Amino acid sequence: MTEFPSVDTRELRKRLGVDIDAETFLLSLTHRSYAFENPGVEHNERLEFLGDSVLSLAIAEEVYRRYPDLPEGELVKLHHVVVSTVALAKVARDLDLGRYILLGKGEIHTGGADKDSILADTMEAIFGLTYLECGREAARDLVLRLIAPLLDDEKVLNSGRDWKTELLNLATARGWGDVRYEVTGEGPDHARVYTAVAIVANQQAGTGVGPSKKEAERLAAEQAYRVLV
């Protein structure tokens, strides 16, 4: 039988409202890095695989029913945003999930308990385990209770949009040609800050500042899109 360390998950399970025994529940919290360092311990990746589908179907049904007048393309965008790694990680942080995840020493050292990817994957594993242990309706209810509120969160909806693609599509549709970005960085390597300027039709259309070139460009594209649309 798989042996896990003593981790008190009662508060987390209470917040989730799931009727799963403590030892079984720990499987959903076990990252592969922990299993690698503890031979014989299972990790949660198979549950993550299942939970991804549970999450996707529940949210697809929700947006389909909630927005009867939206075309397919807009439904796809909404679905994509609220099942994204960033959105799931936000929910995980609200649950203080990171402190319960079983991680290997390397992941602990590099802050794995607060990495978006690990938090999101663990949320999916919890959805998968809930489906197996409590049934389809319980899993669906859990997803809707935790994730569906993000459909009303403007900050989440905006952060999950692909602003660079939307800006490019807008520029193409209006005959403005390609979009390009001018990026500069300043500060030490460990705390570098980047500024990006979106250039549309040979004019500055938006500016963004972020901790990475990618984020700065995304913010510049968002500002440009809102100005030009």
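Residues numbered from 1 in each chain as written. Predicted model: local features only at pLDDT ≥ 70, side-chain atom pairs only at ≥ 80, totals over all residues. Heavy atoms only, no water.

**Description of the UniProt feature "active site" (unreviewed entry) in the chain**
- The positions UniProt marks with the feature "active site" (unreviewed entry) are D52 and E124. Annotated residues spanning 73 residues; largest pairwise C-alpha distance 5.5 Å, indicating a single compact cluster.
- For D52, the position within the fold is in helix 4 (residues 45-66).
- Summarising the element assignment, E124 is placed in helix 8 (residues 116-134).
- For E124, a relative accessible area of 8% puts it in the buried group.
- Excluding its chain neighbours within four sequence positions, the residues that come into contact with E124 are L47, E48, G51, D52, L55 and L88. (UniProt positions renumbered as here; feature names shortened; annotations may be inferred. Helix = DSSP H or I, 4+ residues; strand = E, 2+ residues; numbered from the N terminus. Buried < 20%, exposed > 50% of the residue type's maximum accessible area, 1.4 Å probe, protein only. Contact = heavy atoms within 4.5 Å.)

**Topic: the pattern of salt bridges**
- Inspection of the entire model under this criterion finds 19 salt bridges.
- Between R140 and E61 there is a salt bridge, with the nearest N and O atoms lying 3.4 Å from each other. Of the two residues, R140 is situated in helix 9 (residues 136-146) and E61 in helix 4; the sequence distance between them amounts to 79 residues.
- Among the residues examined, E61 registers a relative accessible area of 27% and is labelled partly exposed.
- Where E215 meets R218, a salt bridge forms, and the shortest distance between an N and an O atom there is 3.0 Å. Of the two residues, E215 and R218 are both situated in helix 12 (residues 213-228); the distance of 3 residues between them amounts to about one turn of the helix.
- Given the relative accessible area of 26%, E215 is considered partly exposed.
- You can call R218 buried: its relative accessible area is 17%. (Salt bridge = Lys/Arg side-chain N within 4 Å of Asp/Glu carboxyl O.)

**Some remarks on the pairing of strand 2 (residues 193-200)**
- Burial within strand 2 is extensive, with 6 of its 8 residues counted as buried.
- As judged from the 8 bridges shared by strand 1 (residues 179-186) and strand 2, these two strands associate in the antiparallel manner. Of the residues in strand 2, the one forming a bridge with R180 is I199.
- Connecting strand 1 to the next strand, strand 2, in antiparallel fashion are 6 residues, including G187 with a positive phi near 100 degrees.
- Of the strand pairs in this sheet, strand 2 and strand 3 (residues 203-210) are connected by 7 bridges, and their pairing is antiparallel. Note on strand 3: the bridge partner recorded for T195 is V209.
- With antiparallel pairing between neighbouring strands as the criterion, strand 2 and strand 3 make up a hairpin whose turn holds 2 residues, including A201 at a positive phi of roughly 55 degrees. (Pairing = 2+ DSSP bridges.)

**Quick word on unusual backbone geometry**
- If you check the backbone angles, D96 has positive phi at about 60 degrees while not being a glycine.
- By relative accessible area, D96 is classed as partly exposed at 34%.
- A positive phi angle, close to 65 degrees, is found at N202, a residue other than glycine.
- As for its position among the elements, N202 is in the loop between strand 2 and strand 3.

**Details of the packing of aromatic side chains**
- Considering all chains together, one arrives at 1 aromatic pair under this definition.
- Stacked on the ring of Y181, the Lys or Arg K164 has its end atom at 4.9 Å from the ring centre. (Phe/Tyr/Trp six-rings, centres within 6.5 Å; stacked < 30°, edge-to-face > 60°. Lys NZ or Arg CZ within 6 Å of the ring centre and 35° of its normal.)

**Here we look at the packing of helix 4 against helix 5 (residues 72-82)**
- Between helix 4 and helix 5, the shortest axis-to-axis distance is 10 Å and the interhelical angle comes to 140 degrees. Accordingly, the angle class assigned to the pair helix 4 and helix 5 is oblique. At the point where helix 4 passes helix 5, the crossing takes the right-handed sense. Mapping the contact onto sequence places S56, I59, A60, V63 and Y64 in helix 4 and L75, L78, H79 and V82 in helix 5.
- Looking at the contact of helix 4 with helix 5, its residues break down into 7 nonpolar, 2 polar and no charged. (Axes fitted to C-alpha atoms, helices over the stretch in contact; angles between N-to-C directions. Parallel < 35°, antiparallel > 145°, perpendicular 65-115°, else oblique. Left-handed = near helix turned anticlockwise from the far one by under 90°. Nonpolar A, V, L, I, M, F, W, Y, C, P; charged D, E, K, R; others polar.)

**Some remarks on the UniProt feature "binding site: Mg(2+)" (unreviewed entry) in the chain**
- Listed under "binding site: Mg(2+)" (unreviewed entry) in the UniProt record, and renumbered for this structure, are E48, D121 and E124. Across 77 residues in sequence, these annotated residues keep their C-alpha atoms within 6.0 Å of one another, forming a single compact spot.
- Here E48 shows up in helix 4.
- Leaving out residues up to four positions away in the same chain, E48 has contacts with D121, E124 and A125.
- Locating D121 in the fold gives a position in helix 8.
- For D121, a relative accessible area of 27% gives the class partly exposed.

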